[in-house]
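# Coordinate inspection notes
These are the residues of each chain, in order.
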Amino acid sequence: MRAPEVGDYLEHVADLIGEIGGEFVADPLIRLNELQRTGYLQLAVHFHDGSRFSVKLLAFGPGDYPDWLAWRIHYMDSTHRAIFRYDTPRHLPGSPNFPSHKHVGDTVVDHARPSVADIIREVREHLYPAAS
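The present account deals with the structure reproduced in this document. Predicted, not measured: the structure shown is a model, and the values here were computed from it. (Residues numbered from 1 in each chain as written. Predicted model: local features only at pLDDT ≥ 70, side-chain atom pairs only at ≥ 80, totals over all residues. Heavy atoms only, no water.)

### A look at the packing of aromatic side chains
Per the stated rule, a full pass over the model turns up five aromatic pairs. Measuring from ring centre to ring centre gives 6.3 Å for Phe53 and Tyr75, while their planes differ by 70 degrees; the resulting arrangement is edge-to-face. Taken as a pair, Phe53 in strand β4 (residues 52-60) and Tyr75 in strand β5 (residues 67-76) lie far apart in primary sequence, 22 residues in all. One exposure class covers both Phe53 and Tyr75, and it is buried. With a centroid separation of 5.5 Å and 65 degrees between ring planes, the pair formed by Phe84 and Tyr86 is classed as edge-to-face. When sorted by exposure, Phe84 lands in the same class as Tyr86, which is buried. Put simply, the rings of Phe47, Phe53, Tyr75, Phe84 and Tyr86 pair up and form one aromatic cluster. Across the ring face of Trp68, the terminal group of Arg113 is positioned such that the distance to the ring centre comes to 4.1 Å. (Phe/Tyr/Trp six-rings, centres within 6.5 Å; stacked < 30°, edge-to-face > 60°. Helix = DSSP H or I, 4+ residues; strand = E, 2+ residues; numbered from the N terminus. Buried < 20%, exposed > 50% of the residue type's maximum accessible area, 1.4 Å probe, protein only. Lys NZ or Arg CZ within 6 Å of the ring centre and 35° of its normal.)

Structure representation (structure tokens):
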């Protein structure tokens, strides 16, 4: 089995996010730089409850699996209040997972890079609390 190309991987990530049940604001944007073997994904989804989920992800690949170089994954409620955000700006220098961290409301905490499955599960838990 061949390693996924970074473009295939980013399309797959967009498809998985689309399965959460919201509506894309616009078609997901994927840009590839074949020379550097990188790909960039940008998308935004609105949900039935007025919440919004957005992703900006820079990945490198192929390899065993494309690796994330930088990301901003943001979920906010209908009043634009942050529910959570995973990103990589240089907060918390010296933390074990630097530069990866998570914002929960107004609090910044050290956090390892989440998986796509973890992110989708977290969004679903907020969207459909009775099903959790």
